[in-house]
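Read off the chains here:
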Amino acid sequence: MLEIKNLHVKLEEEDKVILRGVDLKIGAGEVHAIMGPNGSGKSTLSYVLSGRDGYEVTAGSATLDGAELLEMEPEDRAAAGLFLAFQYPVEIPGVGNMTFLRTAVNAQKKSRGEPEVSAADFLKLVREKAKTLKIDAEMLKRPVNVGFSGGEKKRNEILQMAMLEPRMCILDETDSGLDVDAMKLVSDGVNALRSEGRSFLVITHYQRLLDHIKPDVVHIMAAGRIIKTGGPELALEVENNGYADILNEVG
Amino acid sequence: MALPKAKEDALSARLAGLPALSGKGWISAARAEALARLQAMGLPAKRDEYWRYTDPASLNAVDPAAAKSFNPGDEAPPFDGLDRLKVVFVDGVFDPQASDDLGAEGIRIERLADAAAADIHWAQGLYGVLEAAGQSPVQRPLAALNTAFATDGLLIHVTGNATKPVALIYVHNSDNSDAILHHCVKLDPGASLTLLENGPAAARFSKVLEVDVADGASFHHIRLQGRDHERRAVTHLFARLGARSELRSFTLTANGRLTRNEAVVDLTGPDARAHLAGAAVGDGDFHHDDTVFITHGAEACESRQVFKKVLMNGATGVFQGKILVKSGAQKTDGYQISQSLLLDEDSQFLAKPELEIYADDVKCSHGSTSGAIDETALFYLQSRGVPRRTAQALLVLAFLAEAIQEIADEDIAEDIRERLERWLARHGSKAGA
Amino acid sequence: MTMLETVDGTEVREGVDRETIETVQAMAGKYKYGWETEIEMDYAPKGLSEDIVRLISKKNNEPEWLLDWRLAAYQRWVKLEEPRWAMLNYPEIDYQDQFYYATPKSMAKKPKSLDEVDPKLLATYAKLGIPLKEQMLLAGVEGDAEPRKVAVDAVFDSVSVGTTFKAELAKAGVIFCSISEAVREHPDLVKQYLGSVVPPSDNFFATLNSAVFSDGSFVYIPKGTRCPMELSTYFRINAENTGQFERTLIVCDEGAYVSYLEGCTAPKRDTNQLHAAVVEIVILKDAEVKYSTVQNWYPGDENGVGGIYNFVTKRADCRGDRAKVMWTQVETGSAITWKYPSCILRGDDSQGEFYSIAIANNAQQADTGTKMVHLGKRTKSRIVSKGISAGRAQNTYRGLVSMHPKAKDSRNYTQCDSLLIGDKCGAHTVPYIEVRNNSSRVEHEATTSKVDDDQLFYCRSRGMDEEEAVALVVNGFCKEVLQALPMEFAMEAQSLVAISLEGSVG
């Protein structure tokens, strides 16, 4: 599904290199986790994959089912099936959450040459999915993320994911700022979306999210590289011993 | 374009009351050019856009209206306890006895009257130069008049860190004095100076201060405009700021029949910072006008304008402030707030806070409010046993706090707070609010 | 599109947004109303003189007093100078190089009813989407519980083509007709109120209008009457080199209510055309008027060639206690906009509101805002202005809030926000605030910023292209004003916002 090869990235405006050769391959239906200390480049990886401005790719490639992502506009990546759940979801004053969702869903459908969803079907679908995430009708009416609590924002991200039905989902520190109950709610939402044709890349600093969203593969990232890859047990190792041991071990 | 008849006449009358320009030294060219500028503009008139709220008649008049000097009683003069370099002008005339020696670490000071006769002087590049540049897009004829006819002033060249502040003390003695002073301050790259000014200066006072703040230099300015009730003053601050330089200017105005303080600041180098603040308290026949024009001409500069006025018994406050962001001045951060507290029905506040923006990556905002004191807060304090008058003073000080906070020196800020408290104890709205 | 739209006010607008996007896609960014009707016209000779003023008056069969009124205005105008204080830059207007009167030949004999109107004219309005048949307006939504009626006065160049629903309105005592008809049929009302809010001496353009106004709408809502339907006037400039000088007079008697809509379009032409209108609104005790405008005159092309010069004086006088007025304007058209719909809050407890969206793209220039003059006690005003600049456009908010000494305990709140799209345009704010008593509270806030990159990226990462993302974010920025519009207008306005900004990104 997603294949990243030798990805090198620096900041556009400064001479600061952030990613120094990332290699990663995620198969269909797999859940991968990337863990790493602050500043290791985890979030940069998610932004570069989704096409945010301000980064310069100096080498390497990232393909989704063989199509080169890095040359696409952000909206084309989304239409191709990539979804990023933001660490800090953006507030858009004045734009209703529902309007935003429908505009996004139909934009993607249109670019894939599919028919748009009717308003009635859309409404039914949103209400259904919102319910499982405990998002009430009032929240759907409010402007996008404006005045939402941390938990509400993250649930809203998962709702968008559920509505847009991407094939490759990246969750960037989705656990940050969540209490235990909210984390459970969000994780349940994610788990409900797991399927054979859909892959996940879960970026997190802590192991606790991985108790809820069980990964198939865990990668440790440091200083812009993936330095170790293993099974779920690798996450536990980090939980127990911190990053220091692994960093030392790898040198 | 020829001046309208009324302007032509007013100007001729005023010029007839002033001495002819002498033709000596480097300054003669600067004065002649300033006179030409004035003749092209004419004197300000009530119909001019930036004089709609302030009547310039008394500033234009040939002779100043008489004004008695105020006896502050046992209140110590401001900045008294500070280690400073004192320069005293009495009714606009330099007083060598009362002044310190004009010299200190990191700084060279000359009197304009002494230096003007030389053939060449560094001040040639500054005297009247920033004033001339500041005549567009808004005309400031009274500043040009000052450049042409100033009788004295200081030329201060700051080469390093001036350890002592320079304190200008303007004493007012004669009831009919009409003073015109013009100072130039040139700060070399990385240099710093604190300039203190206090006193009413004269029955009518015209002052221009031109400041060139080079890259990385820093200029702090704190001014207390004397408490004479009858005095009139028009002052101009023209400042040019280089890269990473800083300007901080705070003015306290208490009393005075008419005060017009103009500030014209050009941010010409990236990452420069200009903070202008003013607190004005007026009782009765008091008209106070802050007219500020800040131009962002370079990237990533920051400007703040914080002007607060407390008005009672028919006092008038005027604020005209502009942030102009030129094309290319991206990452500008501009903030402006003008607020008035009207303590009775007779007082008024007239404001024109403007933004003019030609760059898109900017953060600019302004706010302006006017209203009475918060009765709920007043009642709350009273219900806790605070007498009404004290409670009111407390709330007034709280209202002025944002402006006073712009003073970097905490001791001076505290001194000013105390002075304001005493002023408020002496003055109250007749409406008993 | 059914269920969503009918749930409640908020969700109705959910449906509108969808319309926006669809409309944008359908139109591909061209000025939709730029076509021209080929029709035989009668012109008065070019230029302005006393004779032309007499001719216009004669064409309208006006009484002597009105001719005198016009001539006095003309004599005054000749001595006036065009104001130049606005932040607008345009070449000098040659007032003698214009036609001041143009009317379709078929209108020479006044049609008695819409059935007699030239089919070409009816077709013009049909093409513009303006219903001149007396039909229910379904608010664009099937299943909407209550289909609504909107009465239309259609003004084509210098004359009113026809007014719909007149009979039904007359039953309620409402007078809605062209002003030329009102002069003939209701001379007392016209004489009493014409020029009483905007006197002929008011300003250069109002004086010009007073001399040469050819037609416009007249509305009278009698005491205690809630106008049974929305009233609207649709202005169409068609003839070349012809100025449009319409005059609208609305009188809302004690306790009455009316919502009035105004729309404007013009063909694409590479010469500039002058539009100098006057709108006067008189609001008596306990009455309320809502006046909404979607101004979509031809804005000129990307290089600033052509477009309407729009110099308009609009003022509402809240004469009685508790009178209320609400101006809502969406200004997307015109090469030059000079317009300050104002509120004179004379009655105690009267209220004025001004909601504005002004979009200037390409080479457009707008200098617009409002005046809130508080004279009565406990008067309230609210100003919400959203300015959007793109391309090389200049957009200025200019406003006055004045609290007179006797306007005790009054309130004003002003919020002026400007959005910049691109680094070649300008956004300016010029408020005048005059507070002459202390029991009144005035608050003014203004911000200027660019379209937020994070918001755009967020939208794009969800699959929207850049223009869609900009349209969505800008519509969000304007939400407060869009919500103040009647629904039919809100829909049109939302799509206009998107269309007006086309080509502003990338």
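You'll find the structure just up there.
A few points on the structure. (Residues numbered from 1 in each chain as written. Chains lettered and ligands numbered in written order. Predicted model: local features only at pLDDT ≥ 70, side-chain atom pairs only at ≥ 80, totals over all residues. Heavy atoms only, no water.)

Here we look at helix α13 (residues 487-500) of chain C
- Compared with an ideal rise of 1.5 Å per residue, which puts 14 residues at 20 Å, α13(C) spans 20 Å between its outermost C-alpha atoms and is within 8% of the ideal.
- With 13 of 14 residues buried, α13(C) is to be regarded as a mostly interior element. (Helix = DSSP H or I, 4+ residues; strand = E, 2+ residues; numbered from the N terminus. Expected span 1.5 Å × (residues − 1). Buried < 20%, exposed > 50% of the residue type's maximum accessible area, 1.4 Å probe, protein only.)

Some remarks on the pairing of strand β8 (residues 230-236) of chain C
All names here are of chain C.
- Counted residue by residue, β8 has seven buried out of seven residues, so it is predominantly covered.
- The side-chain alternation of β8 yields two buried faces, one formed by E230, S232, Y234 and R236 and the other by L231, T233 and F235.
- Of the pairings in the sheet, the one linking β8 to strand β10 (residues 257-265) comprises six bridges and is parallel in character. The residue of β10 that forms the bridge with S232 is L261. (Pairing = 2+ DSSP bridges.)

Observations concerning the interface of chain C and chain A
- Between chain C and chain A, the residue contacts involve 32 residues of the former and 42 residues of the latter.
- Here chain C packs against chain A, burying approximately 3,000 Å² in sum over the two surfaces, 60% of which is carbon and sulfur.
- Taken as a group, C:F457, C:Y458 and C:R462 account for 27% of the area that chain C buries against chain A, more than any other trio of residues on that side.
- On inspection of chain C and its partner chain A, the count reaches four salt bridges.
- Across the salt bridge formed by A:E75 and C:R460, the nearest N and O atoms sit 2.7 Å from each other.
- Scanning the region where chain C abuts chain A turns up eleven residue pairs in polar contact (both at pLDDT 80 or more).
- If you list the elements that add at least two residues to the side of chain C that touches chain A, you get α1 (3-7), α2 (9-27), α10 (453-461) and α11 (466-477) of chain C.
- The leading source of residues in the side of chain C that touches chain A is α2(C), at nine residues. (Contact = heavy atoms within 4.5 Å. Buried area = accessible area lost by both parts, 1.4 Å probe. Salt bridge = Lys/Arg side-chain N within 4 Å of Asp/Glu carboxyl O. Polar contact = N/O pair within 3.5 Å; in protein donor to acceptor, adjacent residues only side chain to side chain.)

Thoughts on the pattern of salt bridges
- Here the structure, examined in full by the defined rule, presents 74 salt bridges over all chains.
- C:R460 serves as the salt-bridge partner of A:E73, at 2.3 Å between the closest nitrogen and oxygen. Of this pair, A:E73 sits in the loop between β5 (67-68) and α2 (74-80) while C:R460 sits in helix α10, each in a different chain.
- With relative accessibility at 12%, the residue C:R460 sits in the buried group.

Description of the layout of surface pockets
- Of the pockets and cavities examined, the second largest pocket occupies roughly 980 Å³.
- Together, 27 residues line the second largest pocket, and B:E49, B:R52, C:P83, C:W85 and C:Y432 are the ones closest to its centre.
- Of all the elements in the fold, those that place two or more residues in the lining of the second largest pocket are β14 (307-318), β19 (365-374), β21 (394-403) and β23 (426-435) of chain C.
- Ranked by the residues each element gives to the lining of the second largest pocket, the list is headed by β14(C), at four residues.
- Tallied by class, residues from the lining of the second largest pocket come to nine nonpolar, six polar and twelve charged. (1 Å grid on protein atoms, 1.4 Å probe; cavity = no way out; pocket = protein on both sides within 12 Å on 5 of 7 lines; lining within 4 Å. Points joined across faces, edges and corners; volume = space filled by probe spheres on them. Nonpolar A, V, L, I, M, F, W, Y, C, P; charged D, E, K, R; others polar.)

Quick word on the state of the cysteines
All names here are of chain B.
- Within the structure shown, the criterion is met by zero disulfides over all chains.
- Distance from the sulfur of C301, which forms no disulfide, to the nearest cysteine sulfur (C364) is 11 Å.
- Judged by relative accessible area, C301 falls into the buried class, the value being 1%. (Disulfide = S-S within 2.5 Å.)

What to know about the packing of aromatic side chains
All names here are of chain C.
- Under the definition given, this model contains 29 aromatic pairs over all chains.
- Relative to Y95, the ring of W77 lies with its centre 5.4 Å away and its plane at 75°, an arrangement referred to as edge-to-face. Of this pair, W77 sits in helix α4 (residues 64-79) while Y95 is found in the loop between α4 and β2 (102-104), placing the two residues 18 residues apart along the sequence. Y95 carries the same exposure label as W77, and that label is buried. (Phe/Tyr/Trp six-rings, centres within 6.5 Å; stacked < 30°, edge-to-face > 60°.)

Some words on helix α1 (residues 5-16) of chain B
Residue and element names in this part refer to chain B.
- With twelve residues, α1 extends 16 Å between its outermost C-alpha atoms, agreeing within 8% with the 16 Å of an ideal straight helix rising 1.5 Å per residue.
- K7, L11 and R14 are the residues of α1 that are buried. Seen from one end, α1 has its buried residues packed into an arc of 65°, which puts them on one side. Those residues of α1 that are exposed and angled more than 90 degrees off the buried face are K5, A6 and A16. (Arc of directions from axis to C-beta.)

Digging into the pairing of strand β5 (residues 154-158) of chain B
Residue and element names in this part refer to chain B.
- Of all five residues that make up β5, five are buried, and the element is covered over most of its length.
- Burial of β5 is two-sided: the residues L154, I156 and V158 facing one way and the residues L155 and H157 facing the other way are all buried.
- Pairing of strand β4 (residues 107-111) with β5 involves five bridges; the strand directions are antiparallel. Following the sheet pairing, R108 is matched in β5 by H157.
- As judged from the four bridges shared by β5 and strand β7 (residues 178-187), these two strands associate in the parallel manner. The partner of V158 across the bridge, within β7, is L187.

Let's talk about the sheet that holds strand β9 (residues 168-172) of chain A
All names here are of chain A.
- Strand order in the open sheet formed by six strands is β6-β9-β10-β3-β11-β12, and the pairing between neighbours is mixed. Because the sheet does not close on itself, it has two edges, and the strands there are β6 (82-85) and β12 (225-230). Across the sheet, the mean angle from the axis of one strand to that of its neighbour is 20°, orientation sign disregarded.
- Of the pairings in the sheet, the one linking strand β3 (residues 31-35) to strand β11 (residues 217-222) comprises four bridges and is parallel in character. Looking at the pairing, A33 lines up with V218 of β11.
- Where helix α9 (residues 233-241) meets the sheet, its contacts fall on β3, β11 and β12, and the angle it forms with β12 comes to roughly 110°. (Axes fitted to C-alpha atoms, helices over the stretch in contact; angles between N-to-C directions.)

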